[in-house]
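# Summary of structural features
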Amino acid sequence: MPQTSERKGANSPSFRNVLESFKYWPRILKLLWQTNPLYFLLVFGLNGITSLIPAASVMLTQMLMTQVGIAQQTGILQPVLMVFALFAGLALFREISRIISDNYQAIFSERLSNSINMQLMKKADHLPYRYFEDAEAYDKLQRARQDSSFRPFQIFQQILQIIGGTITLLSVAGVLFYWQWWLALVLLLIPLTSSFSYLRVGEEEFQIDWNRAAERRKQSYFLGLMTTDASVKEVKVFGIGSLLLEKYRQMYERFFKEDKKLLLKRMRITLFFQIVGIGAVIGTQLLVVQQTVAGVLTIAMMMAYIQAIAQTQATSSSLLQTLFVMYQNNLYVSQLFAFLDIEESEESIVQRPYVSTKQAEQTGFVFQNVSFRYPGTDHYVLKNINLQLKPGETLAIVGENGSGKSTLVKLLVRLYELEEGDILYQGRSIRSYSVKAWRDLMGTVFQDFIRYELTARENIALGNWREAEHAEAVEMAAKNSGATTVLERLPLGLDTQLGKWFKEGVQLSGGQWQKIAIARAYMRDAALFVLDEPSAALDPKAEKEVFDKFAELTVDKMGIFISHRYSTVRNADRIIFMQQGEILESGTHASLMKRNGSYAVLYQMQAAAYIDNQEQQSPA
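The following paragraphs examine the structure supplied in this document. Just so it is clear, the structure is predicted and the values come from calculations on it, not from any experiment. (Residues numbered from 1 in each chain as written. Predicted model: local features only at pLDDT ≥ 70, side-chain atom pairs only at ≥ 80, totals over all residues. Heavy atoms only, no water.)

## Considering unusual backbone geometry
For the record, the criterion: Only DSSP runs of H or I reaching four residues or more are called helices, and only runs of E reaching two or more are called strands; each is numbered from the N terminus. Burial classification: accessible surface area is computed with a 1.4 Å probe over protein chains only, and a residue below 20% of its type maximum counts as buried, one above 50% as exposed, and the rest as partly exposed.
Phi is positive for Asn369, which is not a glycine, with a value near 50 degrees. Mapped onto the elements, Asn369 comes out in strand β1 (residues 365-373). The phi angle at Asn384 is positive, at roughly 50 degrees, despite the residue not being glycine. A residue is classified by how much of its surface remains accessible, and Asn384, at 47% relative accessible area, is partly exposed.

In structure tokens:
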């Protein structure tokens, strides 16, 4: 079972929680640097420089007013014009740097979002298959994907705001320290009174989002059912669109009520502490006015201090709120890194020597005492499977639903790792192969194959994308699968867009899609071809063509196919009949019919039903 960590309730927020959440800063900065070092340095540098502008503006304001006062007495305008030029130049520089920074941040954000999505897809590609059959693992992936494309950049912006805000605060507060150090200290400390309130709200918001992971997936699922061609036919035929829409709406309304409650709570906290902060600013500015009236300060100094007081309070308040919003963002980003840090991957599965209990000279594929339980369960779906498939042989696997047929194939193609027993190829254990090397031995078509919304050429070539540029290989695979007749009817042949998601796409029938999927498997120069229900959507004529080609392809190779149509398996070299995870019968069609066991009974039932159907369709 995949290991997942569940959050059982919000921790009591504290400054320690805040500080611990910042442990991801180095990784975030590394991620940002790797995305684009040049943009990173440009945005970082502009932020540092522009952070000094508020303090420079305060000082230039004081200088300008002082020079204006002197000019009124002397009539000399040159010093006034020089200071004004600096003031205007500073304003121009601030605007130019803001425009440049905003645009490069937008470019950088786009590159970062793509980089994170690429990492998520790469991680998902490397995870073992069982992670995609586990609800908790899906929740973990949902949390990693949720907002992960923009949260890291928000943190970067907040890092810039913290650094820039600190520079601004220290430089502006320095003006006040020169006059009344205790006044600056009071303005710096007042925002701290709101800290725990903001912490609690942020933690609540994160906790609610954490608990929504499964429901968010269900909401997305409802949306997909209503908006994709794979499901829309059944939605319309059964008239369940309104039902799905209502389920989606109910989930949204519940989320909206929770979010609205938290937003109003945050608004009340913000209003209260903003009023407290503004009251402190008004009080200190009144003190400055009183000192000016008393003759302690000049008019120019009064204007500079009033401006510095407002800037100090606003910056310190903004800085503290940024810290706690960043704390909340850090909680979200922790889910991204938790997913990326999952150590287990298909590439990390250890290859190790394995000594077989049978003779190593056995050829082909050999199952030795294979038993299997799905992770987290005690029930064996496969029990003591022993069989051999030699080069040139075809093996048909039949049995009722739930007998273990598809699980056997999942083990063979290594979607799950063996727990008990072994599978050999040419006397060598599956455990001594890398996952990729083992899968390269096979060409596989699953019952629930993918209908790629790509061109016909790409659909086939994905079976061996390294050969995608070789037209002969694609054409041969199509010929071997019987898909040539399908391609001949397409407007652009192999270059025709398939499916209806994109412009000029052509939708195929179920049987035509199945031939394309079989061609994809035949792109490989495989030792073994595995077809799971390869004829489920084919008519009898097309079915015969597919199996005739299958027989030709496996003359010097091996083939396994699963089918519920007993008429299709009779020509296999060997047939195994599975029941409740065990091989109940094994042999040729003739020998199994002679035995008159379970296989013979089910074969005769299907044959009788087919004959009855044909008689009913015949004219009287």
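## Thoughts on the sheet that holds strand β3 (residues 394-399)
The strands making up a sheet associate through hydrogen bonds between their backbones, and the pairing can be parallel or antiparallel. This is how the line gets drawn: Strands qualify as paired when DSSP identifies two bridges or more between them. All axes are obtained by fitting lines to C-alpha atoms, using only the stretch in contact for helices, and the reported angles, taken between N-to-C directions, cover 0 to 180 degrees. Residues are treated as being in contact if the distance between any of their heavy atoms lies within 4.5 Å.
With respect to topology, six strands assemble into an open sheet ordered β6-β7-β8-β3-β9-β10, the strand pairing being mixed. Of all strands in the sheet, those bounded by a partner on one side alone are β6 (442-445) and β10 (582-587). Here the strands of the sheet are splayed against their neighbours by 15 degrees on average, with no regard to which way each runs. Sheet strands touched by helix α20 (residues 540-553): β3, β7 (528-532) and β8 (558-562). Its angle to β8, the strand with the most contacts, is close to 150 degrees.

## Regarding the environment of Asp532
The topology assignment puts Asp532 in strand β7. On the basis of relative accessible area, Asp532 is assigned to the buried category, the value being 6%. With near-sequence residues (within four places) excluded, Asp532 lies in contact with Ser406, Val445, Phe446, Gln447 and Ile562.

## Section: the packing of aromatic side chains
Selection rule: Any two of the Phe, Tyr and Trp rings considered here, Trp counted by its six-membered ring, make a pair once their centres fall within 6.5 Å; the pair's planes then place it as stacked at under 30 degrees, edge-to-face at over 60, or tilted in between. Should the NZ of a Lys or the CZ of an Arg lie within 6 Å of a ring centre and within 35 degrees of the ring normal, that charge is described as sitting over the ring.
Here the structure, examined in full by the defined rule, presents 14 aromatic pairs. Relative to Phe40, the ring of Trp33 has its centre 5.9 Å away and its plane inclined at 85 degrees; by these criteria the two rings are edge-to-face. Residue classification places Phe40 among the buried residues on the basis of a relative accessible area of 10%. These aromatic residues form a ring-pair network of at least three members: Tyr129, Phe372, Tyr374 and Tyr416. Just above the ring of Tyr433 sits the side chain of Arg428; from NZ or CZ to the centre is 3.9 Å.

## Description of the environment of Gln507
Mapped onto the secondary structure, Gln507 falls in the loop between α18 (484-488) and α19 (510-522). The class of Gln507 is partly exposed, set by a relative accessible area of 34%. Taking the C-alpha atoms as reference points, Gln507 and Glu453, 54 residues apart in sequence, are found 9.5 Å from one another.

## Quick notes on the pattern of salt bridges
Keep this limit in mind: One speaks of a salt bridge when a side-chain nitrogen belonging to Lys or Arg is within 4 Å of a carboxyl oxygen belonging to Asp or Glu.
Taken as a whole, this structure holds 12 salt bridges when the rule is applied. Among the salt bridges present, the one from Arg574 reaches Glu393, with a minimum N-O distance of 3.6 Å. Here Arg574, found in strand β9 (residues 574-579), pairs with Glu393, found in the loop between β2 (380-389) and β3; they are 181 residues apart in sequence, far enough to count as distant. Where Arg524 meets Asp440, a salt bridge forms, and the shortest distance between an N and an O atom there is 3.7 Å.

## A look at the layout of surface pockets
Going by this rule: With a 1 Å grid laid over protein atoms only, a set of points is called a cavity when a 1.4 Å probe fits there but cannot get out and a pocket when it is open yet has protein on both sides within 12 Å along at least five of seven lines; lining residues have an atom within 4 Å of a point. Grid points are joined across faces, edges and corners, and a volume is the space filled by probe spheres set on the points. Ten residue types, Ala, Val, Leu, Ile, Met, Phe, Trp, Tyr, Cys and Pro, are classed as nonpolar, four, Asp, Glu, Lys and Arg, as charged, and the remainder, Gly among them, as polar. In this document the domain limits rely on a domain assignment from an automatic tool or a database.
By volume, the largest pocket is sized at about 1,700 Å³. Lining the largest pocket are 37 residues, and of these Leu415, Arg439, Phe446, Tyr452 and Arg524 sit closest to its centre. Elements with a minimum of two residues in the lining of the largest pocket: α5 (78-126), α14 (405-412), α15 (435-439), β6 and α19. Sort the elements by how many residues they give to the lining of the largest pocket and β6 lands first, with four residues. Classifying every residue of the lining of the largest pocket by side-chain character gives 17 nonpolar, seven polar and 13 charged. Both domains that meet at the lining of the largest pocket, namely domain 1 (15-341) and domain 2 (365-613), each give it at least three residues. In this structure, the second largest pocket occupies an estimated 550 Å³ of space. As for the second largest pocket, its lining consists of 23 residues, of which Asn47, Thr50, Ser51, Leu160 and Gln161 are closest to the centre. Of all the elements in the fold, those that place two or more residues in the lining of the second largest pocket are α3 (37-50), α4 (53-74), α5, α7 (151-179) and α13 (299-340).

## Considerations on the packing of helix α17 (residues 471-481) against α19
How two helices pack is summed up by the angle between their axes together with the distance between the axes. Heads up, the rule is: Just so you know how the angles are binned, under 35 degrees is roughly parallel, over 145 roughly antiparallel, 65 to 115 roughly perpendicular, and the rest oblique. Note: crossing handedness is left-handed where the near helix turns anticlockwise from the far helix by less than a right angle, and right-handed where it turns clockwise.
As a packed pair, α17 and α19 sit with axes 8 Å apart at the nearest point and diverge in direction by 125 degrees. With respect to each other, α17 and α19 are oriented oblique. Crossing of α17 against α19: the hand is right-handed. On α19, the residues touching Ala477, Ala478, Asn480 and Ser481 of α17 are Lys515, Ile518, Ala519 and Tyr522.

## Describing the pairing of β3
With six of its six residues buried, β3 lies for the most part within the structure. A two-sided burial pattern is seen for β3, the buried positions comprising Thr394, Ala396 and Val398 on one face and Leu395, Ile397 and Gly399 on the other. Across four bridges, β3 lies against β8 in parallel orientation. Bridge pairing in β8 links Ala396 to Phe561. Here β3 runs beside β9; their pairing, made up of five bridges, is parallel. Bridge pairing in β9 links Ile397 to Ile576.

## Concerning the sheet that holds β2
If you walk across this open sheet you meet the four strands as β2-β1-β4-β5, and the pairing is antiparallel. Edge positions in the sheet fall to β2 and β5 (428-429), since each has one partner strand and no second. Relative to strand β4 (residues 420-425), β1 is paired through five bridges, and the arrangement is antiparallel. Across the sheet, the residue bridging to Phe367 is Ile423, located in β4.

## Examining the side chain of Gln219
Here Gln219 is to be found in helix α10 (residues 213-227). Contact partners of Gln219, with chain neighbours within four places excluded, come to Tyr248, Met251, Tyr252 and Phe255.

## Focus on α4
The test is simple: An expected span of 1.5 Å times one less than the residue number is assigned to each helix.
An ideal rise of 1.5 Å per residue puts 32 Å on 22 residues; α4 measures up with 30 Å between its terminal C-alpha atoms. Residues of α4 that are buried include every one of Ile53, Ala55, Ser57, Val58, Leu60, Thr61, Leu64 and Ala71, and no others. Among the residues trailing α4, Gly75 stands out with phi positive, at a value near 80 degrees.

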